[in-house]
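Chain and residue survey
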Amino acid sequence: MREEQLFAQTLEKLCAAAKEQGGVLSERQVEEAFAQAGLAFGAAQLELVYGYLKGKKIGIGEPADPFDYMTREEIDYLEEYLKQVQERAGVTDGEKEAVILSSMAGDPDAQARLVELFLPQVAELAKLYAGQGVYLEDLIGEGNVALAMAVRMLDCEKNAAQAEGSIASMIMEAMENYISECADEKRTGEKLAAGANDVLEQARELSGELGRKVTVQELSEESGLSEEQIREAVRITADHIEYLDLE
């Protein structure tokens, strides 16, 4: 197996191990993982690996600090948001358990109260996903939607602890799905932009050969693309149409 493949597989295994360990790996774990893969890394190479893992929000020796991945605006937003939601979230453990049990029984007032109690936790969970290409405010919004759904789906849980764990799982799943969807949209957008730029580059070359703007039909015949594909490329990059005659 090629060294590049071994390296990628080892990183993947380390990331999976970190997820099971609360987002933390020891230096020894990292060193042994690469040694077992037959990759002899020196200190400089390992530092690069640690930097990559940190970028994935994996702590080395201790949990990563979420604030390292947040902008000043996100930190300010989080502080203000927590001030607002924590005002109504102060209860004893016994009171919280009573609200959870009533929610499990289907009491709508208890479910509404349970949402209030969990709002700060949504924000705390959102911190764990900071720095992954989405706004913290949007993550909190997705988590709050999941929370509102979760408190109405507790009737099958056996006890308050299990119900609380189920709520947290639904919130985290919603955030992870949102991050994944945003990443997919970004990749799609980048692919469309690359395709559009390729179409317009062909238009530029043909225009240079003819010494004038080219029509959509001419570019279609030359490139093999449909006229609809060409017009879509123009729509995506509307500020680069000087080589095309769209009339």
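See the structure above.
Our subject in this report is the structure included herewith. Computed from a predicted structure; not experimentally measured. (Residues numbered from 1 in each chain as written. Predicted model: local features only at pLDDT ≥ 70, side-chain atom pairs only at ≥ 80, totals over all residues. Heavy atoms only, no water.)

What about helix H7 (residues 136-150)?
Over its 15 residues, H7 extends 21 Å from the first C-alpha to the last, a length consistent with the 21 Å expected when each residue adds 1.5 Å. Those residues of H7 lying buried are Leu136, Leu139, Ile140, Gly143, Ala146, Leu147 and Ala150. Projection of H7 onto a plane perpendicular to its axis shows the buried side chains occupying an angular sector of 125°, all on one side. (Helix = DSSP H or I, 4+ residues; strand = E, 2+ residues; numbered from the N terminus. Expected span 1.5 Å × (residues − 1). Buried < 20%, exposed > 50% of the residue type's maximum accessible area, 1.4 Å probe, protein only. Arc of directions from axis to C-beta.)

What about the pattern of salt bridges?
In a structure, side chains of opposite charge can pair up when their charged atoms sit close to one another. A full pass over the atoms with the stated rule returns seven salt bridges. When the shortest N-O distance is used, the salt bridge between Glu32 and Arg28 registers 2.8 Å. Note that Glu32 and Arg28 are positioned in helix H2 (residues 27-36) at a spacing of four residues, about one turn of the helix. Overall, Arg28 belongs to the exposed group, its relative accessible area being 61%. In this structure, Lys96 and Glu164 form a salt bridge, with 2.9 Å as the shortest nitrogen-oxygen distance. In this pair, Lys96 is assigned in helix H5 (residues 93-104) and Glu164 in helix H8 (residues 160-210), connecting sequence segments 68 residues apart. (Salt bridge = Lys/Arg side-chain N within 4 Å of Asp/Glu carboxyl O.)

A closer look at the nonpolar core
Counting residues in each nonpolar core, the largest one holds 36 residues, and the members touching the most others are Leu114, Leu139, Ile140, Leu147, Ile167 and Met175. Of all elements in the fold, only helix H4 (72-86), H5, helix H6 (108-127), H7 and H8 reach the threshold of two or more residues within this core. Per-element accounting of this core gives the leading share, nine residues, to H6. Filtering out sequence-adjacent residues up to four positions away, Leu139 remains in contact with Ala126, Tyr129, Val134, Met175, Tyr178 and Ile179. (Core = buried A, V, L, I, M, F, W, Y, C linked by side-chain atoms within 4.5 Å. Contact = heavy atoms within 4.5 Å.)

A look at the environment of Gly90
Relative to the helices and strands, Gly90 is located in the loop between H4 and H5. Spatially, the C-alpha atoms of Gly90 and Leu117 are 7.5 Å apart, while their sequence positions differ by 27 residues.

Structural notes on the packing of aromatic side chains
Counted under the stated rule, the structure contains two aromatic pairs. Ring geometry for Tyr77 versus Tyr81: centroids 5.9 Å apart, planes at 25°, classification stacked. Of the two residues, Tyr77 and Tyr81 both sit in helix H4, four residues apart, roughly one turn of that helix. Taking the relative accessible area as the measure of exposure, Tyr77 reaches 26% and is therefore partly exposed. Using a relative accessible area of 12% as the deciding quantity, one classes Tyr81 as buried. The ring of Phe118 has Lys96 lying over it, and the distance from NZ or CZ to the ring centre is 4.9 Å. (Phe/Tyr/Trp six-rings, centres within 6.5 Å; stacked < 30°, edge-to-face > 60°. Lys NZ or Arg CZ within 6 Å of the ring centre and 35° of its normal.)

Concerning the side chain of Glu157
Its location among the elements puts Glu157 in the loop between H7 and H8. No salt bridge is formed by the buried Glu157; its nearest oppositely charged neighbour, Lys158, is found at 8.6 Å. (Lys, Arg positive; Asp, Glu negative; His and termini not counted.)

Quick word on a nonpolar patch on the surface
A cluster of nonpolar side chains, namely Val145, Met149 and Met153, defines an oily patch on the protein surface of about 280 Å² accessible area. In this structure, Met153 sits in the loop between H7 and H8. (Patch = residues over 30% accessible without salt bridge, like charges linked within 9 Å, V, L, I, M, F, W, Y side chains within 5 Å. Areas by Shrake-Rupley, 256 points an atom, 1.4 Å probe, with all protein chains shown as cover.)

A short note on H6
Taking 1.5 Å per residue, 20 residues should reach 28 Å; H6 reaches 29 Å between its end C-alpha atoms and fits that length. The distance from a side-chain oxygen at the start of H6 to the backbone nitrogen of Asp109 is 2.9 Å, and the residue carrying that oxygen is Asp107. (Polar contact = N/O pair within 3.5 Å; in protein donor to acceptor, adjacent residues only side chain to side chain.)

Let's talk about the side chain of Glu74
Mapped onto the fold, Glu74 is located in helix H4. Not counting residues within four places of it along the chain, the set of residues in contact with Glu74 comprises Tyr69, Val134, Tyr135 and Leu136.

A closer look at a negative patch on the surface
On the surface, Glu137, Asp138, Glu142, Glu181 and Glu185 cluster together into a patch of negative charge. Sorting elements by how many residues they give to the negative patch places H7 first, with three residues. With respect to the helices, strands and loops of the structure, Glu137 is situated in helix H7. (Charge placed at Lys NZ, Arg CZ, Asp CG, Glu CD.)

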